[in-house]
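Listed below, chain by chain, are the residues.
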Amino acid sequence: MKKLLILFTALLSILTFGCSTDADEPNALVESITENAVISALVPSYYSGIMHSGDYVYPVSFSFKETDLITRDPTVYYKDFSKMGIVLATDIYETSRIEFTNKKSPSANNDKLTVFETLGFSDAEFHEAGNGAVEDLRDTENFVISHKAVQYNNEDYELFILSLRGTDSVTQWTSNFDVGSDTTEYYTITGTHSDWTNKKEHKGFSVAAKRVDDLVQSYIGSHTTTGAKKIIYLTGHSRGAAVANILGAKYETSGSFEKTFTYTFAAPYTTTIDEADNTYKTVFNILNSDDAVVIMPPQQWGFTRYGITKKVSVKNNVNLSTRWYELFSKGFADANGFYQSAGAEDPVFEASLAGISSDRDHLYTLGTNEDDLFKMTFETSEEATNARTDLQNLLVFQYSNISITLEDGKYVLSGYIAPAFYMQILSNLITKNINDTNPLDGIMYEKFIKPTGYMIAAATYHGFEKSHQMATYYLLAESL
């Protein structure tokens, strides 16, 4: 009995204070695996492993049993639900996979589906919502959904886990920057948007959420027995977090679910609905205040998020910044050895972002003065036509009335542009390779970067990678 008590005390200490993360110790990773194995021997609901996410390799752990979704209060923040959320939101990326050290590891070839089997869920399906749409072709979203039937206290439950992926294409980045506006100007430029049913919400995220919801409802209908109470857990990172934020709010008040749990990571702003951040109690948004993504689109345009925000700065938190360096500057993985803050809490930075336009409606209004005139001069018609094609390929042409004219023997590509033109140029800057060049870069430089320092850290290029990384958000989930 005494030996058991000593072992239990040791286990409690490990669970309370976590695993060793001293990267100076050559066997730190091995020791963390050993400690986790000891825990899992007596705690079957404990999951631990190594997350491989691009260049980042780091230990992760969380506790979860399906009855937690039945018995826990969804208005209370649970650290293990948060840690599980960022693990699933990371694993869904093609460049990520989790290797469990105390459970059966998912198949590396189909990790984003088979990880749910390890949690005891089945029938996992991967979907590309919006693929094949005839309008709003950029407003797509990738996700995995899985379910489990559970009987508890003589009640039947159907549990669902929905994991939404962050941006994985240039076209989705352009959707991220298409906030939309319920104005004639916007519809004249962009056409009809039958899936944009809530005009108070960010158009790109809202349309994607509607399309995800259609597929989710179909899945739920096919995997729910008559009379079973439905409970859903949602998570996502970045764009996936934005869609999860919208769906989490919708599901909380829909009456279709017995309970809903939503944990989002690095969610941009999603809605202009008044009191959205005070009304919804089951949606938790975990934010790194160093991360530029979490202040887009600007609050000055009326944007906020649904639910409760839990925010902390990795840069300004000694424990977090120390652990970040221990994990990623040496030891477990080399992630370029330094931490970047994109300056999201800098008021000048945020003001310069808002400076693109006075509000979301003005974004889609063609300018009429010299500052709003786009003009490039070419020696040949072919050069001018190619530049015009570049604008079309960058998906910015629609936000202008640009045409080609012949002036003094030169071919001039010119016209007035709406501020959304710059938003889409920015989306392309963020996704481009740093070695690529494009004459349109100069437009952004002269208009915003040169006078204001706009997005110097964030757009030159992938500069917010560290502050936005899933690995960084795992540390946040672990600390909050």
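Rules and cut-offs
- Residues numbered from 1 in each chain as written.
- Predicted model: local features only at pLDDT ≥ 70, side-chain atom pairs only at ≥ 80, totals over all residues.
- Heavy atoms only, no water.
- Axes fitted to C-alpha atoms, helices over the stretch in contact; angles between N-to-C directions.
- Helix = DSSP H or I, 4+ residues; strand = E, 2+ residues; numbered from the N terminus.
- Left-handed = near helix turned anticlockwise from the far one by under 90°.
- Contact = heavy atoms within 4.5 Å.
- Nonpolar A, V, L, I, M, F, W, Y, C, P; charged D, E, K, R; others polar.
- Pairing = 2+ DSSP bridges.
- Salt bridge = Lys/Arg side-chain N within 4 Å of Asp/Glu carboxyl O.
- Buried < 20%, exposed > 50% of the residue type's maximum accessible area, 1.4 Å probe, protein only.
- Phe/Tyr/Trp six-rings, centres within 6.5 Å; stacked < 30°, edge-to-face > 60°.
- Lys NZ or Arg CZ within 6 Å of the ring centre and 35° of its normal.
- Patch = residues over 30% accessible without salt bridge, like charges linked within 9 Å, V, L, I, M, F, W, Y side chains within 5 Å.
- Areas by Shrake-Rupley, 256 points an atom, 1.4 Å probe, with all protein chains shown as cover.
- Lys, Arg positive; Asp, Glu negative; His and termini not counted.
- Charge placed at Lys NZ, Arg CZ, Asp CG, Glu CD.
- Parallel < 35°, antiparallel > 145°, perpendicular 65-115°, else oblique.
- Core = buried A, V, L, I, M, F, W, Y, C linked by side-chain atoms within 4.5 Å.
- Polar contact = N/O pair within 3.5 Å; in protein donor to acceptor, adjacent residues only side chain to side chain.
- Expected span 1.5 Å × (residues − 1).

Quick word on the packing of helix α8 (residues 203-222) against helix α9 (residues 239-254)
Here comes step 1: The N-to-C vectors of α8 and α9 enclose an angle of 65°; their axes lie 9 Å apart at closest approach. In the crossing of α8 with α9, the sense of the turn from one axis to the other is right-handed. Mapping the contact onto sequence places G204, F205, S206, A208, A209, V212, D213, V216 and Q217 in α8 and R239, A242, V243, I246, L247, K250 and Y251 in α9.
Here comes step 2: Of the residues in the contact of α8 with α9, the class split is 10 nonpolar, 3 polar and 3 charged.

Considerations on the sheet that holds strand β11 (residues 373-378)
Here comes step 1: Pairing within the open sheet is antiparallel, and its 3 strands lie in the order β11-β13-β12. On the outer flanks of this sheet lie β11 and β12 (403-407), each paired with one strand and no other. Direction aside, neighbouring strands of the sheet carry axes that sit 25° apart on average.
Here comes step 2: In this sheet, strand β13 (residues 410-416) lies alongside β11 in antiparallel orientation, the contact comprising 6 bridges. When the sheet's bridge partners are listed, T377 is paired in β13 with V412.

Examining the sheet that holds strand β1 (residues 46-53)
Here comes step 1: The 3 strands are arranged β2-β1-β3 in an open sheet whose pairing can be described as antiparallel. Across the chains shown, the open sheet's two edge strands, defined by having one partner strand only, are β2 (56-63) and β3 (96-100). Along the sheet, successive strands turn relative to each other by an average axial angle of 30°, direction set aside.
Here comes step 2: Pairing geometry for β1 and β3, over 5 bridges, is antiparallel. Considered in β3, the bridge of H52 is made with R97.
Here comes step 3: Packing of helix α4 (residues 79-91) onto the sheet brings it into contact with β1, β2 and β3, and relative to β2 it is tilted by some 140°.

Looking at the pattern of salt bridges
Any two side chains of opposite charge can pair, so long as their charged atoms come close to each other.
Here comes step 1: Counted according to the given criterion, the structure contains 17 salt bridges.
Here comes step 2: A salt bridge links K112 to E94; its shortest N-O distance comes to 3.1 Å. With K112 in helix α5 (residues 111-118) and E94 in the loop between α4 and β3, the pair connects residues that are 18 residues apart, well separated along the chain.
Here comes step 3: The exposure class of E94 is exposed, given its relative accessible area of 57%.
Here comes step 4: Salt bridges linked by common partners bring E94, K112, R165 and D168 together as one network.

Some points on the packing of aromatic side chains
Here comes step 1: The tally for this structure, following the rule as stated, stands at 26 aromatic pairs.
Here comes step 2: Residues Y251 and F257 carry aromatic rings whose centres are separated by 5.0 Å and whose planes lie at 50° to one another, so their mutual orientation is tilted.
Here comes step 3: Ring geometry for W324 versus Y325: centroids 5.6 Å apart, planes at 75°, classification edge-to-face.
Here comes step 4: For Y325, a relative accessible area of 35% translates into the label partly exposed.
Here comes step 5: Ring-pair connections join several aromatic residues into one group, and the members of that group are F64, Y77, Y78, F81, F121, Y233, F261, Y263 and F284.
Here comes step 6: The lysine or arginine in question, R72, covers the ring of Y78, its NZ or CZ lying 4.5 Å from the ring centre.

Observations concerning a negative patch on the surface
Here comes step 1: Together, D182, E185, D359 and D361 make up a negatively charged patch on the protein surface.
Here comes step 2: Position of D361 among the secondary structure elements: in the loop between α12 (347-354) and β11.
Here comes step 3: D361 gets classed as partly exposed once you look at its relative accessible area, which sits at 37%.

Quick notes on the packing of α4 against helix α18 (residues 470-479)
Here comes step 1: Contact geometry of α4 with α18 gives a least axis separation of 8 Å together with a crossing angle of 170°. The orientation of α4 with respect to α18, classified from their angle, is roughly antiparallel. In this structure, α4 uses K79, S82, K83, I86, V87 and T90 to contact α18, whose residues at the interface are M470, Y473, Y474, A477, E478 and S479.
Here comes step 2: A breakdown of the residues in the contact of α4 with α18 according to their chemical character gives 6 nonpolar, 3 polar and 3 charged.

Some words on the side chain of T174
Here comes step 1: Summarising the element assignment, T174 is placed in helix α6 (residues 170-176).
Here comes step 2: In this structure T174 comes out as buried when scored by relative accessible area, which is 0%.
Here comes step 3: Look past the residues within four positions of T174 in its chain and what remains in contact with it is R138, L395, Q424 and S427.

Looking at the nonpolar core
Here comes step 1: If you look at the biggest cluster of nonpolar residues, it comprises 93 residues, and the most contacted ones within it are F64, L69, L119, Y263 and F421.
Here comes step 2: Residue contributions to this core peak at 7 residues, all from α18.
Here comes step 3: Non-local contacts of L119, meaning those with residues more than four positions away in its chain, are made with Y47, F62, F64, M84, L88 and I161.
Here comes step 4: Grouped together as the second largest cluster of nonpolar side chains are 26 residues, F160, L162, A208 and Y306 included.

Considerations on the side chain of H193
Here comes step 1: Structurally, H193 is set in the loop between α7 (184-190) and α8.
Here comes step 2: Exposure remark for H193: the relative accessible area of 9% places this residue in the buried category.
Here comes step 3: Within the structure, H193 has its side chain in polar contact with the side chain of T190 (distance 2.7 Å).

Notes on α9
Here comes step 1: The end-to-end C-alpha separation of α9 is 23 Å, in line with the 22 Å expected for 16 residues at 1.5 Å each.
Here comes step 2: In terms of burial, α9 is a largely internal element, 12 of the 16 residues being buried.
Here comes step 3: If you check which residues of α9 are buried, you get R239, G240, A241, A242, V243, A244, N245, I246, L247, G248, A249 and Y251.
Here comes step 4: The first or second residue beyond α9 is G255, which carries a positive phi of 80°.

Some thoughts on helix α13 (residues 381-393)
Here comes step 1: Under the 1.5 Å per step criterion, the end-to-end length of α13 is 18 Å for 13 residues, consistent within 8% with the ideal 18 Å.
Here comes step 2: L395 occupies a position one or two residues after α13 and carries a positive phi of about 60°.

Section: the pairing of β1
When a strand is regular, its side chains alternate between the sheet's two faces.
Here comes step 1: A large share of β1 lies buried, amounting to 8 of its 8 residues.
Here comes step 2: Relative to β2, β1 runs antiparallel, the two being bridged by 8 bridges. From the neighbouring strand, M51 faces β2, where its bridge partner is Y58.
Here comes step 3: Counted between consecutive antiparallel strands, the loop separating β1 from β2 contains 2 residues, among which G54 sits at a positive phi close to 60°.

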